Amino acid sequence: MFLSLTGILIFALLGTLLETARYTVCHNHAARTLRMAAEGLLTEYSRPLYENYGLFFMESAGTPYETVMAEYIGDTLEAAEKGDTDFLQGQLQEIQVTEKTYSGDNEAEALQQQVNQYMGRRVTKEQLSKLREQSQAVANTDTQAKEIEKTVEEQKELAELDEQLLVLMRLVDGISVARGKISCENEFIKMFATGAKKSQNFGITEPVVWEKMKGKLDDTPASWSSMKKETFLAHVRKVHRLTKQAMTEAEKLSAGYQKIAGQAGEFTEHNRKMSQLVESLSVLSGNEKILAETEEILQQKLDGERKQRLASIWKNYDTSRIVFDYTGINESGGGENPLEVLSACWGDGILRLVCENPDKVSEKQAASPDTFAKLYGGKEPEPEDYGGRVTKLAEEEVSLSGVAGELGDYAMDEFCLDSYIQHQFGSYVKEASASKWKTSLQYQWEYIVAGKASDKANLESVLNRILLIRTVANFAAIYKDSGKKSQAYAAAAAIVGFTGLEPLIRLVQTLILIVWSLIEGLVDVAGLLQGRHVPVIKSPGQILTEFPQIFQISGNAITSRAKKFGKAEKKSFGYQEYMLLFLAVTGQSTRRYRIMDMIQWDMIKNGYSEFQLATCVSAIRVKGNFSFPSRFFRLSGIEKMLGRDIQSYSFSCEIEADYL
C-alpha cells in the first residue's frame, strides 16, 4: 500500500512537471504563431509603393488585419492536429490589433526610419562632411547680407534727411531736378523781390539755377505802386501755405540732425554744413508772420496808411539768408535709374530671364500643397516671397539676409532624407528615377523646398532664392573693384541731379551696385541651369556683366552671357548642391510631409484611386488569446489527485511587429 501511494504521488508529480513544461512550450508556440501571423500580414505591403519609392507600408483597408492574421494562425494550429497525443494542438480564442503606427504619426517618423534604412548603404559621413564644407561659403553670405543691409540703412537715414532737404529746396527756392532737368515752381518762398533782382539777394550761387528762378519772381514788394492786388494776394496766400509747410519740414530736418549730432563718420563735414543750414531756416518764422499780416491787410481796402505798413514790414522779408548748395547742378541729361529698369523687366518674373526655353517650363499643378502638414496638425510653414524682395528694391528696400538658412544640427538622418529626395524624385535639372511613373508635379525637389501649388511657382521661388544668395556674393566682388564703384558713383550723381547731397548719392550708388550684383546673379542662375561652373566666391575679374549691360536686361542677353562659364566640374557647387542646401534648412517634418504629399498625388495619378497614404501602417501591436487542451492533468490518476477537472488552459500574448 505504501509503495502504491508513493508511486501514485511520484506519477502525479511527474505528470504535473510534464504538463507545466508543456504549458511553457505552448506559450512560446502561441507567441511564435502570433508573431508569424503578424509578420505574414506585413508581407502584404503596397507593392507599387515599394517598387516606385522603396517604402514598406500596408494599406489599412479591405479585409481587417485580424481576419488575415487569424487565417495565418489557423493554418499553423491546424497543422498540429494529429491526434489526442499532439502536445501543441490548440485554438485561437481572440486576436486584436491594439495599436497601429500610421505613416504620418510622430511627424512621419516611420517614413524617416525607412528612408534611413533605404539610403544607409548609399550615403556616408564623408559625404555629409563634404556638403557642410561646400555649403559653408554659401552660408557665409548671410553675414555679408546683413552688412549690406546695415550699410543701406545707415545711408538711408542720412539720405532721408537729404530728401527732406530737396523738399525744402523746392518750397524755398522753387528748384527741383529730375532726370537732369532743372525746373522752377511758379510759387515759392523766395519768389518776392524786395529789392534788385540779383542772385546774391536770393542766396543763389549757381547761374543755371538763377536763370530758372529769376523769370518767376514777383517784384511787387519792390514797387508797391505797380501792385496788382488780386494777383499779389493769390501769391501771398500760396506762399503763406508753402512757408508753413516748409517750417514743418524744417522742424523734421532739425530733429533728424539733432539725432545724429556728434556721430563720427564719413559724412561728418556734410552733417556740420547741414546743421548750419538748419539754423538759417529759422528766418521762415519771421517770413510767415509777414505773409500772415500782408494777407490780412490785402483783404481790406488799401489806403495810404496800410500801403505804408506793407512797405515797412516787407523790408524784413528774408530771401538771402537760406543758401542751398547746388554745386555741380547742370542740365546734361541726367541718368537712367537701373532700379526702374529692373522693376520694368521684373514683371514677367525670373523664368523669362534665366531659362533658355521659358515656354517649356512645366505647367503642372497640385490640388492643395502641404496636405499632410495640415492633416497632422503640423506647423504649416509660412511661404517666403523671394521674388518680392527683388521687387522691393525699386522702393529702396534691401532684404538679402536669411536666404541661405542655417545648417545648425544637421544630422545624418536628415542627410539620408535629403539624399533620398534627390535620388528618388525629379527636379528642373533631373528626371524622376521612375521615368514611366506619372507625377503630379515635375519639379519635386522644388516643391519640397517651396511648398507651392505649381511647378512654375516652386521653380520661381527656388531660383529667386539662389539669385539673392548670388547677389550678395557678387556684391562682395564688385565692391572691391574701384573702377566699378566709380562708374556707379557717376551714375548716382547723374540720377540725383547734383553732387551736393553726398549721402543721397552714396545711397543711390550702393543701390546701383546691388542691382549690378543682382543682374550678375541672374547670369549665375542661368549658368547653373545650363550645368556650368559658377564660382561660389568670385574675384572682380570674374564678373561677366559690364556697367552698360545693367540697363539692357533680357533673357537672351543673360543666357548668352552665362555661356561664358565653363562646364561644371566635380567640385562645382551647382544647382543640385543649392537644392541640397535648401532642403537641409527646410524643417525636417515639413520635408517628410511634402514627400507624403507627392506620393499620395502620384499614386492616384497612376491609377490607384483608392490609395490613402494617411491610413497606411508601418507597425502594429497585436494581442492574441489562445487555449490549449490539457494532456497530463486529464489522466485519471492525476485528475483524482488534483480533485479538479482541468480540460484546457488559456494564454494571452502581445507582440509588436514592424518593417525595421
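Residues numbered from 1 in each chain as written. Predicted model: local features only at pLDDT ≥ 70, side-chain atom pairs only at ≥ 80, totals over all residues. Heavy atoms only, no water.

Novice: Just to check I follow, could you spell out the pattern of salt bridges for this structure?
Specialist: Evaluation of the coordinates by the stated rule reveals 27 salt bridges. The residue Glu 295 makes a salt bridge to Arg 237 at a minimum N-O spacing of 3.7 Å. Of the two residues, Glu 295 is situated in helix α10 (residues 283–298) and Arg 237 in helix α8 (residues 229–259); the sequence distance between them amounts to 58 residues. Taking the relative accessible area as the measure of exposure, Glu 295 reaches 18% and is therefore buried. Among the residues examined, Arg 237 registers a relative accessible area of 35% and is labelled partly exposed. A single salt-bridge network, built from bridges that share partners, covers Glu 99, Arg 621, Glu 654 and Glu 656. (Salt bridge = Lys/Arg side-chain N within 4 Å of Asp/Glu carboxyl O. Helix = DSSP H or I, 4+ residues; strand = E, 2+ residues; numbered from the N terminus. Buried < 20%, exposed > 50% of the residue type's maximum accessible area, 1.4 Å probe, protein only.)

Novice: Which parts of the structure should I look at to understand the packing of α8 against helix α9 (residues 268–280)?
Specialist: A packed helix pair is summarised by two numbers, namely the angle formed by the two axes and the spacing between the axes. Running from N to C, α8 and α9 cross one another at 145 degrees; their axes reach a closest spacing of 10 Å. Between α8 and α9 lies a crossing of left-handed hand. Counted together, Leu 253, Ser 254 and Tyr 257 of α8 and His 270, Asn 271, Met 274, Ser 275 and Val 278 of α9 form the full contact between these two elements. Here the contact of α8 with α9 is built from residues that sort into 4 nonpolar, 4 polar and no charged. (Axes fitted to C-alpha atoms, helices over the stretch in contact; angles between N-to-C directions. Left-handed = near helix turned anticlockwise from the far one by under 90°. Contact = heavy atoms within 4.5 Å. Nonpolar A, V, L, I, M, F, W, Y, C, P; charged D, E, K, R; others polar.)

Novice: Explain the environment of Lys 605 to me, please; I cannot follow it from the model alone.
Specialist: Checked against the element boundaries, Lys 605 lands in helix α23 (residues 588–605). As for Lys 605 and Ser 440, which are separated by 165 residues in sequence, their C-alpha atoms are 6.9 Å apart. Non-local contacts of Lys 605, meaning those with residues more than four positions away in its chain, are made with Lys 438, Thr 439 and Ser 440.

Novice: Honestly, unusual backbone geometry in this entry has me stumped. Any pointers?
Specialist: Generally, phi is negative for residues other than glycine and the peptide bonds are trans, each holding for most cases. Phi angles above zero are rare outside glycine, and Asn 106 is one such case at about 50 degrees. For Asn 106, the position within the fold is in helix α4 (residues 105–119). In this structure Asn 106 comes out as exposed when scored by relative accessible area, which is 64%. In this structure, Glu 107 takes a positive phi of about 60 degrees despite not being glycine. Turning to its location among the elements, Glu 107 is positioned in helix α4.

Novice: How should I be thinking about the packing of α10 against helix α11 (residues 304–313) in this particular structure?
Specialist: Between α10 and α11, the shortest axis-to-axis distance is 11 Å and the interhelical angle comes to 165 degrees. One finds that α10 runs roughly antiparallel with respect to α11. Regarding α10 and α11, the two cross each other, and that crossing is left-handed. Where α10 approaches α11, its residues Ile 290, Glu 293, Thr 294, Ile 297 and Leu 298 are matched on the opposing element by Arg 306, Arg 309, Leu 310 and Ile 313. In the contact of α10 with α11, the residues fall into 5 nonpolar, 1 polar and 3 charged. (Parallel < 35°, antiparallel > 145°, perpendicular 65-115°, else oblique.)

Read these as spatial facts, not as claims about activity.
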